[in-house]
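Summary of the model geometry
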Amino acid sequence: LILLKGTFLGTCESDRRSLKLPQQTVSLWSYLNRPEVLQSFLNPMYDPNNKVIWPSVAPMSLTLWSELFLRWIVDQGPQKEAWVTITTLREKDKELRLKACRLRRQLADLQKEAVEVGILAPSLAPPTTLPAEVA
């Protein structure tokens, strides 16, 4: 598989041209960016964060990359199944949080409308501040 990829062959652009790599090989990145391939390299636990990330270097925070270092020793099947389950749970959690946020907004709109038409007394209506929507 990697022999067909010319991305890292040659030491300069001139070498790549003289070896006719663009005609004889494909870019590794065009392969990796295919959705069906890319999905296997994504971390389901990743949460985007626009702030500065300060990684923990405490010994208890370090983990062994078992799929690389233990690939000949350990059966990775159960671990892979666990990752699939974790991914599914995280996606479901995100969907449910979005649904809860939408329902809170809908409830606030209905309470506001009930106060406006006189069905609900303003003093009985709960505050209408809502948490920020989950990204």
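Residues numbered from 1 in each chain as written. Predicted model: local features only at pLDDT ≥ 70, side-chain atom pairs only at ≥ 80, totals over all residues. Heavy atoms only, no water.

1. Quick look at the pattern of salt bridges
Keep this limit in mind: What makes a salt bridge here is a side-chain nitrogen of Lys or Arg within 4 Å of a carboxyl oxygen of Asp or Glu, nothing more. Type-normalised accessible area, obtained with a 1.4 Å probe on protein chains alone, sets the label of each residue: buried when under 20%, exposed when over 50%, and partly exposed for intermediate values. Strands here mean DSSP runs of E at least two residues long; helices mean DSSP runs of H or I at least four residues long; both are numbered from the N terminus.
Applying the stated criterion across every chain yields a total of 3 salt bridges. For Arg34, the salt bridge identified is with Glu36, shortest N-O distance 2.9 Å. On the basis of relative accessibility, which here comes to 37%, the residue Arg34 falls in the partly exposed class. Note on Glu36: relative accessible area 54%, which makes it exposed. For Arg90, the salt bridge is made with Asp47, and the minimal N-O distance between the two is 3.3 Å. Here Arg90, found in helix α6 (residues 77–117), pairs with Asp47, found in the loop between α4 (35–38) and α5 (66–69); they are 43 residues apart in sequence, far enough to count as distant. With a relative accessible area of 28%, Arg90 lands in the partly exposed category.

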